[in-house]
2 protein chains.
Amino acid sequence: MTVTSASLPAGPHASLRERKKQATRRALRRAALDLVAERGFSQVTVEDIAAAADVSPRTFFNYFPSKEAVLFGTDPDRVAALRARVLGEAPGQPALDALRVVLATEARTVTQEAAELDGDPAGWLRRMKAVRADPQLRAAHAVHMALLECALTEALAERLGTDPERDPYPALLAGVATAVIRATTIFWATSGGVVPLEQLTDQAFRALAAGLPDNPAMRPASQAVTPRKDGN
Amino acid sequence: MTVTSASLPAGPHASLRERKKQATRRALRRAALDLVAERGFSQVTVEDIAAAADVSPRTFFNYFPSKEAVLFGTDPDRVAALRARVLGEAPGQPALDALRVVLATEARTVTQEAAELDGDPAGWLRRMKAVRADPQLRAAHAVHMALLECALTEALAERLGTDPERDPYPALLAGVATAVIRATTIFWATSGGVVPLEQLTDQAFRALAAGLPDNPAMRPASQAVTPRKDGN
């Protein structure tokens, strides 16, 4: 199972079974986001989410391992798939290139999920903001990001052939990558999704590859002054 | 008041009053670290910390605004001073250079505080690990880092003459800077402080300025293969 097949809307050629699975997954995520926005994270149980999506708690756990996972859209195999892609993407290129490709793809997935969940991105962003206002949920999200960062560190260490206990670099790269995810997602959400998240992610990694100059292509002002087209 | 004067050990030429203030500050931090490591963050009050350091709660609040602040060593003026330094350091150079200089200095301060608080860095690191194991404290630390990141974003936006609501770049730079702080501090602590934190910080920012290549000077393996001395 790949990251995308686990999370993207099923295409027209998906099997009936696959489309039903995607519909259930979508219903669970929508129910979880709605309930948490309404009551707060601590006041919602897996049982509540399952009931709102009209499935059994047992079925819930076939899709997501926890109420955190359903909120953040973390499929059981997602982290493993991410790890595999960090190892396999852009062979022979710097690890930063692999991270750019992998995380821009993830960004596209997140955006498509937003559309899939709500149709209206503004509504989804509003709901995500309500979710972020919950202290317990913010803490759960921090744990979620820490796990992601840990998985990225291990994958990067393996790609670089190094030991993260003795070499600080994989953890630094992973920390920078999650900083990109956070900064771009927050900007994307608060700005109402004007610039696509995938584009923000790609531009952020290109700014990193350029050594974080004061005027990278991603800055709207500098784009106006010195318009440039980023090649590949 | 500057960041360093607020947090470094008072030198031999400090006034008696200044030395007494530093001693009280040190006593409060040591008491807070000890109590939290012993009982857990939620079981320790400002009153407990003040009593253990033999001062009144009123005196406590002359030094620190909260029990979070005393643990993280955040002086009331520290964030303001950091902001001023991000604006004033390395004029005419990229903001990344200013961040490198400012945060390497901060790293030296943190290390000197560790020595000042415990003499033995290993003991201090052990205590910091105990502190990190507390979920509530980890959450408090996350909030502390978020506030720092927010202050850095505002300072960087001012330095770059831009609006962080419309330009994602200051937040990206600030997120990357806090990623450096986290990655270097964790590596420094878990590796027992073998490489000085200040040096790790400086090397991390140099790796960023170089566009995060696979083999920057900070990697021990690559240093062995291609020894190089970083100039200024």
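Just above, that's the structure.
Computed from a prediction, not measured in an experiment: that's the story for all the values here. (Residues numbered from 1 in each chain as written. Chains lettered and ligands numbered in written order. Predicted model: local features only at pLDDT ≥ 70, side-chain atom pairs only at ≥ 80, totals over all residues. Heavy atoms only, no water.)

Moving on: the relation of the copies chain B and chain A. One copy of the chain maps onto the other through a rotation about an axis followed by a shift along the same axis. Once chain B is rotated about the relating axis by 180 degrees and shifted along it by 0.0 Å, it coincides with chain A to within an RMSD of 0.0 Å. Read as a symmetry element, the transformation amounts to a two-fold axis. For chain B, the minimum C-alpha distance to the rotation axis belongs to B:Gly211 and amounts to 2.0 Å. By residue overlap, the copies meet face to face through one surface: 97% of the interface positions of chain B are interface positions in chain A. (Least-squares fit on C-alpha atoms with pLDDT ≥ 70 in both. Contact = heavy atoms within 4.5 Å.)

Contact geometry for helix H10 (residues 169-190) of chain A and helix H10 (residues 169-190) of chain B: axes closest at 8 Å, N-to-C directions at 145 degrees. With respect to the hand of their crossing, H10(A) and H10(B) are arranged in right-handed fashion. Listed contacts from H10(B) to A:Ala171, A:Leu172, A:Gly175, A:Val176, A:Thr178, A:Ala179, A:Val180, A:Arg182 and A:Ala183 of H10(A) are B:Ala171, B:Leu172, B:Gly175, B:Val176, B:Thr178, B:Ala179, B:Val180, B:Arg182 and B:Ala183. Broken down by class, the residue content of the contact of H10(A) with H10(B) amounts to 12 nonpolar, four polar and two charged. (Axes fitted to C-alpha atoms, helices over the stretch in contact; angles between N-to-C directions. Helix = DSSP H or I, 4+ residues; strand = E, 2+ residues; numbered from the N terminus. Left-handed = near helix turned anticlockwise from the far one by under 90°. Nonpolar A, V, L, I, M, F, W, Y, C, P; charged D, E, K, R; others polar.)

Once that is clear, we can look at the packing of helix H9 (residues 135-160) of chain A against H10(A). Residues and elements named next belong to chain A. Two numbers describe how H9 lies on H10: the axes approach to 8 Å, and their chain directions differ by 135 degrees. Overall, the two elements H9 and H10 adopt an arrangement that is oblique. Relative to H10, the crossing made by H9 is right-handed. Listed contacts from H10 to Met-145, Leu-148, Glu-149, Leu-152, Thr-153, Leu-156, Ala-157 and Leu-160 of H9 are Tyr-169, Pro-170, Ala-171, Leu-173, Ala-174, Gly-175, Ala-177, Thr-178, Ile-181 and Arg-182. Here the contact of H9 with H10 is built from residues that sort into 13 nonpolar, three polar and two charged. (Parallel < 35°, antiparallel > 145°, perpendicular 65-115°, else oblique.)

Our next topic: the nonpolar core. Ranked by internal contacts, the top residues of the largest apolar core, which has 56 residues, are A:Leu208, A:Leu212, B:Leu208 and B:Leu212. The contact partners of A:Leu208, leaving out residues within four places of it in the chain, are A:Leu96, A:Val176, A:Val180, B:Val176, B:Leu208, B:Gly211 and B:Leu212. (Core = buried A, V, L, I, M, F, W, Y, C linked by side-chain atoms within 4.5 Å. Buried < 20%, exposed > 50% of the residue type's maximum accessible area, 1.4 Å probe, protein only.)

Look at A:Ala90: it is not a glycine, yet its phi comes out positive at around 50 degrees. Mapped onto the elements of the fold, A:Ala90 is located in the loop between helix H6 (78-88) and helix H7 (95-118).

Frequently, the measure chosen for interface size is the accessible area that the parts lose on association. Contacts between the two partners involve 38 residues from chain B and, on the opposite side, 38 residues from chain A. Of the roughly 3100 Å² buried between chain B and chain A on both sides combined, carbon and sulfur atoms contribute 66%. Taken as a group, B:Tyr169, B:Leu172 and B:Leu212 account for 21% of the area that chain B buries against chain A, more than any other trio of residues on that side. At the boundary of chain B and chain A, one finds four salt bridges. As a salt-bridge pair, A:Arg182 and B:Glu149 come within 3.4 Å of each other at their nearest N and O atoms. (Buried area = accessible area lost by both parts, 1.4 Å probe. Salt bridge = Lys/Arg side-chain N within 4 Å of Asp/Glu carboxyl O.)

Below, the discussion takes up the packing of aromatic side chains. Considering all chains together, one arrives at four aromatic pairs over all chains under this definition. Taken together, a centroid distance of 5.3 Å and an interplanar angle of 80 degrees make the contact between A:Phe60 and A:Phe61 edge-to-face. Residue class for A:Phe60 comes out buried when judged on its relative accessible area of 0%. A relative accessible area of 45% places A:Phe61 in the partly exposed class. Aromatic pair B:Phe60 and B:Phe64: ring centres 6.2 Å apart, planes at 50 degrees, arrangement tilted. The pair B:Phe60 / B:Phe64 is uniform in exposure class, with both members buried. Aromatic ring contacts, followed pair by pair, group A:Phe60, A:Phe61 and A:Phe64 into a single cluster. Between B:Lys67 and the ring centre of B:Phe41, over which it is positioned, the NZ or CZ distance is 4.1 Å. (Phe/Tyr/Trp six-rings, centres within 6.5 Å; stacked < 30°, edge-to-face > 60°. Lys NZ or Arg CZ within 6 Å of the ring centre and 35° of its normal.)

Next up on the list: helix H11 (residues 197-209) of chain A. All names here are of chain A. For H11, spanning 13 residues, the distance from its first C-alpha to its last is 18 Å, which sits close to the expected 18 Å at 1.5 Å a residue. Listed as buried for H11 are Leu-197, Leu-200, Thr-201, Asp-202, Gln-203, Ala-204, Phe-205, Arg-206, Ala-207 and Leu-208. Trailing H11 by a residue or two, Gly-211 shows a phi angle of about 85 degrees, which is positive. (Expected span 1.5 Å × (residues − 1).)

Right, let's get into the pattern of salt bridges. Residues and elements named next belong to chain A. According to the stated counting rule, one finds 24 salt bridges over all chains in the structure shown. The closest approach of N and O atoms between Asp-48 and Arg-39, which form a salt bridge, is 3.3 Å. We note a salt bridge from Arg-100 to Asp-97, for which the minimum N-O separation is 3.6 Å. With Arg-100 and Asp-97 both in helix H7, this residue pair falls three residues apart, about one helical turn. Of the residues examined, Arg-100 reaches a relative accessible area of 12% and is grouped as buried. Because the salt bridges share partners, they merge into one network encompassing Asp-97, Arg-100, Asp-202 and Arg-206.

All names here are of chain B. Structurally, Thr-111 is set in helix H7 (residues 95-118). Taking relative accessible area as the criterion, Thr-111 reaches 27% and is therefore assigned partly exposed. Sequence separation between Thr-111 and Thr-184 is 73 residues; the distance between their C-alpha atoms is 12 Å. When neighbours within four sequence positions are excluded, Thr-111 is seen to be in contact with Trp-188 and Leu-197. In this structure the side chain of Thr-111 is engaged in a polar contact, spanning 2.7 Å, whose partner is the backbone oxygen of Ala-107. (Polar contact = N/O pair within 3.5 Å; in protein donor to acceptor, adjacent residues only side chain to side chain.)

Bear in mind that shape data such as this cannot, by itself, settle questions of function.
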